[in-house]
Amino acid sequence: HYMYRTPGMAPKLQAYLLKVAEGGDPVESFRTEVDPDLEGFQKKLRAYINGRSRTYTRMKREPPGSAAVEMRVLPESADDMLLPLVSMQYPQKGETDARNLKTIRAEAAKYKGDPWAERALAIAEAIGGDATTAAPLLDAALAKTPADPMLLRWRARLYKPFDPDTPEEDVKSARRLLTRAYKADPNDWLTLRDYVRTYQARNPVLEKNQMNALLAAYQLAPQVSELAIETGDALARAGRYRE
């Protein structure tokens, strides 16, 4: 406390710590960098501890605002379709995806006209079905909710933007959809990662803006080990080895 709060002492403390870190003798380093008179320094320190000259800093903090909490009741269709839909979004065996897709198709047929069921079916078809079936379902769902980031992201993937042989016009269409998804939800790291991957498929060395997007995704989801590895690899390819 004394070294940090007393005027002129903080630089001496830094110099002392640096000298010790470099292998200097702690006592001799203190004499040369802080005070040659150890007994005199001890008296100053005791006077500081016992006196009334100690200072402190008062931090003013605004009280937190009220959190906006919204609760929505999911429709009955979610009871039957939510878990299979979530399961399909994790890497797993093809037969598991096929089984989940079959379940979702069957359940969606029971809930004709239910927007939630239609949305779930569209996403499931995009994951486990084929593009010709999924595209019109996603387009119909987006016509009702054009700012749904999840629908936009899966619709973008149908253009196969991560395939280096995909025509440039299709890649641009995918990027436009991902841009809309990002504007709808800037905190969705999956959207940012997908956007960056559309460039990595053609050039593994990212440009500055693309790298910033990937770093933003990592900052949103540092717990995702796959994303951490991808980010580290991209930084290394860009020559940013320390990072």
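Located above this text is the structure these notes cover.
Report follows, based on the coordinates.

Here is what the cut-offs are and how they apply
Residues numbered from 1 in each chain as written. Predicted model: local features only at pLDDT ≥ 70, side-chain atom pairs only at ≥ 80, totals over all residues. Heavy atoms only, no water. Helix = DSSP H or I, 4+ residues; strand = E, 2+ residues; numbered from the N terminus. Buried < 20%, exposed > 50% of the residue type's maximum accessible area, 1.4 Å probe, protein only. Areas by Shrake-Rupley, 256 points an atom, 1.4 Å probe, with all protein chains shown as cover. Lys, Arg positive; Asp, Glu negative; His and termini not counted. Charge placed at Lys NZ, Arg CZ, Asp CG, Glu CD. Core = buried A, V, L, I, M, F, W, Y, C linked by side-chain atoms within 4.5 Å. Contact = heavy atoms within 4.5 Å. Salt bridge = Lys/Arg side-chain N within 4 Å of Asp/Glu carboxyl O. Polar contact = N/O pair within 3.5 Å; in protein donor to acceptor, adjacent residues only side chain to side chain.

Bringing the overall build of the chain into the picture now. Along the chain, the regular secondary structure elements total 13 helices and zero strands. N-terminal to C-terminal, the α/β element order of the chain is α-α-α-α-α-α-α-α-α-α-α-α-α. Projected onto its principal axes, the C-alpha positions of the chain cover 85 × 45 × 30 Å. Within the chain, the proportion of its 243 residues that are buried is 34%. Per element, the accessible surface of the chain, about 16100 Å² overall, is 54% carbon and sulfur. Averaging the locations of the 37 positively and 34 negatively charged side chains of the chain gives two centres separated by 7 Å.

Before going further, it helps to examine the nonpolar core. Residues Met81, Ile104 and Leu138 are the most contacted members of the largest nonpolar core, which totals 31 residues. Elements supplying a minimum of two residues to this core: helix H5 (76-88), helix H6 (94-110), helix H7 (115-128), helix H8 (131-144), helix H9 (149-157) and helix H10 (168-184). It is H7 that contributes the most residues to this core, eight residues altogether. In this structure, Ile104 is in contact with Met81, Pro84, Leu85, Met88, Ala120, Leu121 and Ala124, ignoring residues within four places of it in sequence. In terms of nonpolar packing, the next biggest core, distinct from the first, is built from 13 residues, Val196, Leu206, Met211 and Leu214 among them.

In this section: the environment of Asp170. Summarising the element assignment, Asp170 is placed in helix H10. Owing to a relative accessible area of 28%, Asp170 belongs among the partly exposed residues under this scheme.

Within the fold, Leu190 resides in helix H11 (residues 189-200). Overall, Leu190 belongs to the partly exposed group, its relative accessible area being 22%.

A few words on the pattern of salt bridges. This structure, assessed with the given rule, holds 18 salt bridges. Across the pair Arg193 and Glu226 runs a salt bridge, and its minimum N-O distance is 3.7 Å. Here Arg193, found in helix H11, pairs with Glu226, found in helix H13 (residues 225-237); they are 33 residues apart in sequence, far enough to count as distant. Judged by its relative accessible area of 43%, Glu226 falls in the partly exposed class.

Once that is clear, we can look at the side chain of Asp188. Within the fold, Asp188 resides in the loop between H10 and H11. There is a polar contact of 3.0 Å between the side chain of Asp188 and the backbone nitrogen of Leu190. Here Asp188 is in contact with Arg153 and Leu220, once residues within four sequence places are set aside.

Everything listed is a geometric property; what it means functionally is a separate question.
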